[in-house]
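# Breakdown of the fold
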Amino acid sequence: MDMAMDWSKKAVSIMQENPLVSVIVPVYNTGRYVGACLDSICGQTYRNLEILVVDDGSMDDSSVVIGKNLNDLRVKVIHRSNGGLSAARNTGLESATGEFIAFVDSDDTIQPAMIETLLGLLCLNQADFSRCDLRSVALAEEIEVLPPPEGVLSKVLDSPVEDFVRCGFFPSVCHVMFRRKSIGGMRFTPGIYFEDMDFMFRFLRCVERGVYIQWTGYNYRLSPGSIIRGGREMKKIFDYNKVIRNLFDEYALHGDSRLSLLRKSVFVGACKQIIKIGRKARKCKDLELAHFSNLLVASLLRDGIVRFGDFSPAWYFRNLCALWDYVKSGSPRYDVISQMLSERIM
């Protein structure tokens with residue numbers, strides 16, 4: 001259901017209850033950007049915030065930059081030894097006291113009205129989560145401040161899994177606000193890439209309603225260290241498999257009929273990315289990476305996580321015919337492949 005946002009009604013709803021929103025900011029060696037990030041959060045039009053900055057063992061000047069924001073009493077700093085993005089977010093979740101939760105990565109910024117907008121959507125629609133759009137910005141790009149989304153259409157998502165898949169939503173947690181009781185004891189899986197995809201589709205399986213507004217509230221910075229642009233390719237293809245298999249097991253365990261939809265969209269999309277990495281590796285003469293890419297996709301096909309018929313015929317004939325040999329030749333089981341990859345990634 002699409003509807004125009006009634007901002008006067010939203011404002012009354014928020015101001016009457018004035019709920020606390022916990023904003024979790026994991027930080028690791030982002031001293032160059034974290035100041036702008038915290039400025040954008042402290043400058044939100046909605047003021048009742050608990051800003052949890054989780055310093056994940058930074059070795060640069062991040063702590064110095066963070067210290068400049070401590071005059072704002074809403075900012076609380078948690079120091080921990082380095083454990084990665086998921087572990088830092090989980091630390092924030094354990095410390096959060098707000099009724100609502102938002103995540104902001106420390107090299108990104110948010111528009112001044114983002115918290116107010118997402119909170120308003122949740123309050124009006126009694127939803128489990130709300131989301132807006134994000135946009136990618138270059139390192140040196142000046143970020144335009146956008147006005148609140150007066151009269152912009154919002155959409156109630158009464159079938160969250162289906163709506164996320166069919167609308168092609170990017171499964172990031174950073175332009176989403178969550179009702180904390182809807183998250184419950186759910187936590188991010190430590191030590192993997194694609195932790196947002198893993199978390200979001202586990203979360204969506206358990207909730208009944210979300211809201212989406214077609215308005216850009218989150219600015220995602222394309223920095224050299226961003227997981228999507230760089231990193232260890234062998235671990236990436238391994239973690240794609242982990243996430244796919246974890247989601248398959250969770251949906252299958254609960255007899256969730258939406259597993260078929262995930263298989264034909266999310267799982268197929270991940271397989272395509274693995275094959276793309278393998279094809280690029282072959283061009284670069286990294287034959288080991290190319291071989292493991294084929295082994296992993298073949299194992300997903302052989303174990304029934306995805307099926308040849310889930311791919312379009314044209315894509316199948318261009319990319320998957322060669323995998324028949326891997327599937328039929330008795331290539332190693334996934335547990336064997338997993339052990340082989342673990343030894344190379346360590």
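Computed from a predicted structure; not experimentally measured.

About the cut-offs
- Residues numbered from 1 in each chain as written.
- Predicted model: local features only at pLDDT ≥ 70, side-chain atom pairs only at ≥ 80, totals over all residues.
- Heavy atoms only, no water.
- Axes fitted to C-alpha atoms, helices over the stretch in contact; angles between N-to-C directions.
- Helix = DSSP H or I, 4+ residues; strand = E, 2+ residues; numbered from the N terminus.
- Parallel < 35°, antiparallel > 145°, perpendicular 65-115°, else oblique.
- Contact = heavy atoms within 4.5 Å.
- Nonpolar A, V, L, I, M, F, W, Y, C, P; charged D, E, K, R; others polar.
- Core = buried A, V, L, I, M, F, W, Y, C linked by side-chain atoms within 4.5 Å.
- Buried < 20%, exposed > 50% of the residue type's maximum accessible area, 1.4 Å probe, protein only.
- Polar contact = N/O pair within 3.5 Å; in protein donor to acceptor, adjacent residues only side chain to side chain.
- Phe/Tyr/Trp six-rings, centres within 6.5 Å; stacked < 30°, edge-to-face > 60°.
- Lys NZ or Arg CZ within 6 Å of the ring centre and 35° of its normal.

### What about the packing of helix H9 (residues 233-253) against helix H10 (residues 259-283)?
The geometry of a pair of packed helices is captured by two quantities: the angle between their axes and the separation between those axes. Packing of H9 against H10 brings their axes to within 10 Å, and their N-to-C directions diverge by 170°. Here H10 runs roughly antiparallel to H9, going by the angle between their axes. Seen from H9, the contacting residues are Glu233, Lys236, Ile237, Tyr240, Asn241, Ile244, Leu247, Phe248, Tyr251 and Ala252; seen from H10, they are Leu259, Leu262, Arg263, Phe267, Ala270, Cys271, Gln273, Ile274 and Ile277. Taken together, the residues of the contact of H9 with H10 sort by class into 14 nonpolar, 2 polar and 3 charged.

### Overview of the nonpolar core
Among the nonpolar cores identified, the biggest contains 99 residues, and Ile41, Ile115, Phe178, Phe201 and Phe267 are the most heavily contacted of them. With residues up to four places along the chain from it excluded, the contact list for Phe178 reads Glu99, Phe100, Ile101, Phe103, Asp128, Phe129, Val173, Ile183, Phe199, Met200 and Phe203.

### Structural notes on the side chain of Asp56
If you trace the backbone, Asp56 turns up in strand E3 (residues 49-56). With relative accessibility at 3%, the residue Asp56 sits in the buried group. Separated by 2.9 Å, the side chain of Asp56 and the backbone nitrogen of Gly83 make a polar contact.

### Focus on the packing of aromatic side chains
Tallied over the entire structure, the rule returns 13 aromatic pairs. Summarising the aromatic geometry, the rings of Phe103 and Phe178 are spaced 5.9 Å apart at their centres and angled 75° between planes, so their arrangement reads as edge-to-face. Of this pair, Phe103 sits in strand E5 (residues 100-103) while Phe178 sits in strand E9 (residues 176-179), placing them 75 residues apart in sequence. When its relative accessible area of 0% is taken as the criterion, Phe178 is described as buried. Ring geometry for Phe188 against Phe199: centres 4.2 Å apart, planes inclined by 15°, an arrangement best described as stacked. With Phe188 in the loop between helix H7 (180-183) and helix H8 (195-206) and Phe199 in helix H8, this residue pair connects regions lying 11 residues apart in the sequence. The pair formed by Phe188 and Phe199 is uniform in burial state, with each residue classed as buried. Connected via pairs of aromatic rings, a cluster forms that spans Phe103, Phe129, Phe164, Phe169, Phe178, Phe188, Phe199, Phe201, Phe203 and Tyr212. Of note, Arg89 hangs over the ring of Phe103, and the distance from its end group to the ring centre comes to 5.8 Å. The ring of Phe188 carries Arg89 above its face, with NZ or CZ at 5.0 Å from the centroid.

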